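# Overview (structure and organization)
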Amino acid sequence: MKTNQSPAFGRFIARARLVMFAGWSALACSLLFATPQFSETQAWSAGEDGYGAHFVYGICVAADDTILVGTEGRENPATYGDGGPKDLLVKRSTDHGASWGGDIVVENGTYANGYGWGYGQPTFVADGTTTYLFYNGTDKTSSGSTQRIYYRTSTDNGQTWSSRTEITSLWSGNSHDWTVNGPLGHGIKTLRGTFKNTLYLAITHRTGVTSPAEDALYGVDVIYKDPASSTWAIAGEPPISLARGPGEPSIAERANSDLFIVARNVWDSANNPHSRVAGGSDGDSWGNWVNTTSTGLIGTSQVSGGLLRFSDGYHLFSYPNNSGSTTRSHMSIGYSTDGGVNWQTPKEVYSGTANYSDLARDSLGNIYCLYGRDGDNHNVGGSVWVAKFNIEWVTGVAKSTVIVDNTDAGFTTVGSWSTSSGIDGFYGSNYRYSTDALGSSTARWTPTITVSGTYEVYLRWSSSSNRPDAAPVKVVYNGGSQTQNVNQQAQGGGWQLLGVYSMNAGTANYVELTASDTGATIADAVMFQQK
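Just so you know, these numbers come straight off a predicted model, no measurement behind them.

Procedures and definitions
Residues numbered from 1 in each chain as written. Predicted model: local features only at pLDDT ≥ 70, side-chain atom pairs only at ≥ 80, totals over all residues. Heavy atoms only, no water. Helix = DSSP H or I, 4+ residues; strand = E, 2+ residues; numbered from the N terminus. Buried < 20%, exposed > 50% of the residue type's maximum accessible area, 1.4 Å probe, protein only. Areas by Shrake-Rupley, 256 points an atom, 1.4 Å probe, with all protein chains shown as cover. Lys, Arg positive; Asp, Glu negative; His and termini not counted. Salt bridge = Lys/Arg side-chain N within 4 Å of Asp/Glu carboxyl O. Polar contact = N/O pair within 3.5 Å; in protein donor to acceptor, adjacent residues only side chain to side chain. Pairing = 2+ DSSP bridges. Axes fitted to C-alpha atoms, helices over the stretch in contact; angles between N-to-C directions. Phe/Tyr/Trp six-rings, centres within 6.5 Å; stacked < 30°, edge-to-face > 60°. Lys NZ or Arg CZ within 6 Å of the ring centre and 35° of its normal. Core = buried A, V, L, I, M, F, W, Y, C linked by side-chain atoms within 4.5 Å. Contact = heavy atoms within 4.5 Å. pLDDT = per-residue confidence, 0-100.

This next bit is on the overall build of the protein chain. Across its full length, the protein chain holds two helices and 39 strands. Across the 531 residues in the protein chain, those meeting the buried criterion constitute 61%. Looking at the protein chain as shown, the accessible area adds up to about 18,900 Å², and 47% of this sits on carbon and sulfur atoms.

Among the secondary structure elements, K225 is positioned in strand 16 (residues 219-225). Within the buried core, K225 has no salt-bridge partner, and the shortest N-O distance to an opposite charge, that of D127, equals 4.9 Å. Engagement of the side chain of K225 in a polar contact is seen with the backbone oxygen of S229, the distance being 2.9 Å.

Our next topic: the sheet that holds strand 25 (residues 347-361). Taken in spatial order, the seven strands line up as 2-27-26-25-24-23-22 in an open sheet, and their pairing is antiparallel. Strand pairing shows two members of the sheet lacking a second neighbour, strand 2 (38-44) and strand 22 (306-311), which therefore form its edges. Within the sheet, the average angular offset between the axes of one strand and its neighbour, ignoring direction, is 30°.

The next point concerns the sheet that holds strand 5 (residues 86-93). Within the open sheet, the four strands sit side by side as 3-4-5-6. Their pairing is antiparallel. The sheet terminates laterally at strand 3 (53-61) and strand 6 (104-107), the two strands that pair on one side only. Sheet twist, expressed as the average angle between the axes of neighbouring strands with direction ignored, equals 25°.

As a further point, take the packing of aromatic side chains. Summed over the entire model, instances satisfying the criterion amount to 24 aromatic pairs. Both rings, one in Y132 and one in F134, keep their centres 6.3 Å apart while their planes meet at 25°; by these two values the pair is stacked. Like F134, Y132 is buried. Members of the aromatic cluster, connected to one another through ring pairs, are W117, Y119, Y135 and Y150. A cation sits over an aromatic face here: K347 above W393, 4.3 Å from the ring centre.

Of all six residues in strand 22, six are buried; the element is thus mostly enclosed. As judged from the five bridges shared by strand 22 and strand 23 (residues 314-320), these two strands associate in the antiparallel manner. Directly across from G306, in strand 23, lies its bridge partner S318. From the end of strand 22 to the start of strand 23, which pair antiparallel, there are two residues.

Inspection of every chain in the model, using the stated rule, returns 14 salt bridges. Here E48 and K91 are joined by a salt bridge, their closest N and O atoms 2.8 Å apart. Here K91 lies in strand 5 and E48 lies in the loop between strand 2 and strand 3, a separation of 43 residues in the sequence. Using a relative accessible area of 19% as the deciding quantity, one classes E48 as buried. The salt bridge involving R74 is made with E72; its shortest N-O contact spans 2.8 Å. Residue classification places R74 among the buried residues on the basis of a relative accessible area of 3%. Here the residues in one salt-bridge network are E72, R74, D82 and K86, joined through shared partners.

With that out of the way, let us pick up the nonpolar core. Counting residues in hydrophobic clusters, the biggest one holds 27 residues, and the most contacted among them are W445, V457, L459, L498, M503, V511 and F528. Listing elements by their share of this core, those giving two or more residues are strand 28 (401-405), strand 32 (442-445), strand 33 (453-460), strand 34 (471-477), strand 36 (496-503), strand 37 (510-514), strand 38 (521-523) and strand 39 (525-530). Once you skip the residues sitting within four places of it in the chain, M503 turns out to touch I449, S452, G453, Y455, V457, V475, V476, Y477, N478, N509 and F528. With 21 residues, the next largest nonpolar core counts V61, V303, V384 and V386 among its residues.

Before going further, it helps to spend a moment on unusual backbone geometry. Phi is positive for N157, which is not a glycine, with a value near 60°. As for its placement among the helices and strands, N157 is situated in the loop between strand 10 (144-154) and strand 11 (165-166). For Q491, which is not glycine, the phi dihedral falls at a positive 65°. Within the secondary structure layout, Q491 lies in the loop between strand 35 (480-486) and strand 36. The exposure class of Q491 is buried, given its relative accessible area of 17%.

Before going further, it helps to spend a moment on the environment of E253. With respect to the helices and strands, E253 occurs in strand 18 (residues 246-253). Overall, E253 belongs to the buried group, its relative accessible area being 4%. Measuring from C-alpha to C-alpha, the distance between E253 and G340 comes to 9.8 Å, with 87 residues separating the pair along the chain. In contact with E253, other than residues within four places in its own chain, are I188, K189, T190, L191, R192, D258, L259, R309 and H315. For E253, the side chain forms a polar contact with the main-chain nitrogen of L191, separated by 2.8 Å. At a separation of 3.5 Å, a polar atom in the side chain of E253 contacts the main-chain amide nitrogen of R192.

As a further point, take the side chain of Q37. Within the element layout of this structure, Q37 appears in the loop between strand 1 (30-32) and strand 2. Among the polar contacts made by the side chain of Q37, one reaches the side chain of T35 at a distance of 3.0 Å.

Glancing now at the confidence of the model for the protein chain. Summing up the model confidence of the protein chain, the mean pLDDT is 88 and the portion of residues at 70 or higher is 89%. For the stretch residues 1-27, pLDDT sits under 50, and the model shows 60 contacts to residues farther than four places along the chain or on other chains.

For T79, the location among the structural elements is in helix 1 (residues 77-80). A sequence separation of 35 residues divides T79 from G114, and the C-alpha atoms of the two residues are 9.8 Å apart.

With that settled, consider the pairing of strand 19 (residues 259-265). The buried fraction of strand 19 is high, at seven of seven residues. Sheet topology places strand 18 next to strand 19; six bridges connect them, and they run antiparallel. In the sheet register, A252 faces strand 19, and the bridge partner there is F260. Counting the residues between successive antiparallel strands, the hairpin from strand 18 to strand 19 contains five residues, one of them, S257, with a positive phi of roughly 80°. As defined by bridge partners, strand 19 adjoins strand 20 (residues 274-279) across six bridges and the pair is classed as antiparallel.

Here's what the structure looks like:
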């Protein structure tokens, strides 16, 4: 068991991820990741602080680009396997993964005479101002085990966590007799559609049957939190398949706002390790499961993976691509350009033994793969690493991402705009604000587009009750312009999708925000990401 302690910075150093080109300053903006980039740092070393294993992982990027990683600290895995005393651990990186702080012990597992509590399966989801950490707790007694699902929240980017809230009652009396329930990996915040800004999380379930294990009736469902609500509810569940037994799911959003899940086939043939199911944008209605082996996810080791929407054009999946072996190995990143229907040749991260993993991306376009390696299938004797790379490293195709901040030369204003850093959630060092009357002041972000193409355009702000709830934003693109209103009282601290637009190379495209007289209008940053 560990005692709680304040995080202290580690000493793992990685090279910077921002590529500076010749003549970069003349672009009046930040041009990111034109060449492949890859590096790794170690998050947990083998046997660190006396733990027998660090196993099952979750990763998340908080509002200020702090990277949060979570794992189970298993005290005696040789005796207890997946059960036993387990502490729930979190580490933070405030330098884009170059170094890691010390353990933040969120839950202490306690055992005596073979019975007690263990906590695991850390699962993050962030809404821009609040980060949620879901996990399960298992109470083992002489009469059996009871498993519960909890969450805690953080509003300071993972430094401190609230008291826990239990949501196990959501599944009381479920029709499948599921009693072993848990989250895994990370959830999502939707970007578009009727259910924009809703939080979704896929949950894995099974019955309490322990022998034979294949009779445990594995399944998944989805929970959600509406942006106007403070509580979580069940959205819906994909069909249960006795032959396949999907579990340990990951969820993502497609370009049309529909959702899809990739899950582990817990008791299917070893040659069919994953299945995909498509659903509507509400998380309620789902189609039938489709085996992914024929669509490019070809690894044969049964283990969950990390699913990530990098952009409308790319979804990524991390998994052991172990080429016919029954040992989990060859951690790889597959990518899809059609919303997870088909997957391209994966890029290998590590060739040795490797097991569970999860994926995240930050505001600069860095991609992070958190994974266990070098131990056995439960990472006993192994360590936990974070691979950091860009989309060009995965695909071999250069994609332009341009960010214009309020401090860049590509940012211009008309009227009165003051500078502040008073409310968190902004990009860079500060933001600008105006309280002028509607129509009298504007802020404009003009990128230097180096490659003509289709771009996703995102706007960022810090939110507060003194912001306008309908600030006009105009996007000028190749062929026209579009104006929409944004509510700056909410959804701060993240990139909010304005739309997808055709843009020509040069400086003819821009985004313009008009100050509203209903509060302090915030002008922070705009990102143009090539699709």
